[in-house]
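# Structural features, examined
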Amino acid sequence: MSVSNNLTYHPGSIPGPERTALLGQKGVTIWLTGLSASGKSTIACALERHLLQSRKYSYRLDGDNIRFGLNKDLGFDEQSRNENIRRIGEVSRLFTDSGCITITAFISPYRADRDRARQLHTDSSLPFIEVFVDVPLEVAEARDPKGLYKKARAGEIRDFTGISAPYEIPFSPEIHVKAHETGVEDIVDRIVGYLIDNGYITRH
């Protein structure tokens, strides 16, 4: 693939502080990471609903709206996973730059890929909140709503995180939740509380 060198960045006419004032909120990426069946998507959906019902501009990115569109050309080998997360990092940065509370729910198993997504936001002076949705492998495997762990154990799925591919836990996430011990609404309340305490949104 050739890369053009004849590109010039043209910034928009609305600076970040003005956008924040107009929207009444700050853009931020909330990056949910954890094993398959840890509860990431369930939490993301509940969080998005809570924020929207509170009249906060938010949007959820997960496998259902990324893997079936933008990233449908990617597989699940390590290189494809890296590219998947790279694209998600870029998209979430754009959403957050627009003032959106961007919620991503992806396994994102490799620490280096998550760190690159964080650095991308840092380089653009945009906040990035890593949320580790932590459950033991045996709990995730017992849930197995799509039967993926069973297929991975049978050798029908290669490079499956937790079985035949690694999951590298975050060293210092902003939020760490034990999803097998904490209810979804309590987790949502904790994340919303973090947003309020750090000035991203105001309390209603």
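Read on for a plain summary of the structure. (Residues numbered from 1 in each chain as written. Predicted model: local features only at pLDDT ≥ 70, side-chain atom pairs only at ≥ 80, totals over all residues. Heavy atoms only, no water.)

### A closer look at the overall build of the chain
Looking only at helices and strands, one finds eight helices and five strands in the chain. Overall, the chain shows an N-to-C arrangement of helices and strands of α-β-α-β-α-α-β-α-β-α-α-β-α. The globule rule puts the C-alpha radius of gyration for 204 residues at 17 Å, and the 18 Å found for the chain is close to it. By principal-axis analysis of the C-alpha atoms, the chain measures approximately 55 × 50 × 30 Å. (Helix = DSSP H or I, 4+ residues; strand = E, 2+ residues; numbered from the N terminus. Rg over C-alpha atoms; globule rule 2.2 N^0.38 Å.)

### Concerning unusual backbone geometry
In this structure, S108 takes a positive phi of about 40 degrees despite not being glycine. Along the chain, S108 turns up in the loop between strand 3 (101-105) and helix 5 (111-123). One non-glycine residue with positive phi stands out, namely D144, at about 35 degrees. Tracing the chain through its elements places D144 in the loop between helix 6 (137-143) and helix 7 (148-153).

### Section: the nonpolar core
With 34 residues, the main nonpolar core has I30, L32 and I191 as its most contacted residues. Listing elements by their share of this core, those giving two or more residues are strand 1 (28-33), helix 2 (40-53), strand 3, strand 4 (128-134), helix 7, strand 5 (175-178) and helix 8 (184-197). Of all the elements, helix 8 adds the most residues to this core, at six residues. Not counting chain neighbours up to four residues away, the residues in contact with L32 comprise K40, I43, A44, I103, T104, A105, F106, S108, V131, V133 and I191. Counting nine residues, the second-largest nonpolar core is a separate cluster that includes I66, I88, A117 and F128. (Core = buried A, V, L, I, M, F, W, Y, C linked by side-chain atoms within 4.5 Å. Buried < 20%, exposed > 50% of the residue type's maximum accessible area, 1.4 Å probe, protein only. Contact = heavy atoms within 4.5 Å.)

### Focus on the environment of D134
With respect to the helices and strands, the residue D134 is situated in strand 4. Look at D134 and you get buried, because its relative accessible area is 14%. Between the C-alpha atom of D134 and that of E181, which follows or precedes it by 47 residues, the distance is 9.6 Å. Reaching out from D134, the side chain makes a polar contact with the side chain of H176 at a distance of 2.8 Å. (Polar contact = N/O pair within 3.5 Å; in protein donor to acceptor, adjacent residues only side chain to side chain.)

From the geometry alone we can't say anything about function, so treat these as descriptive.
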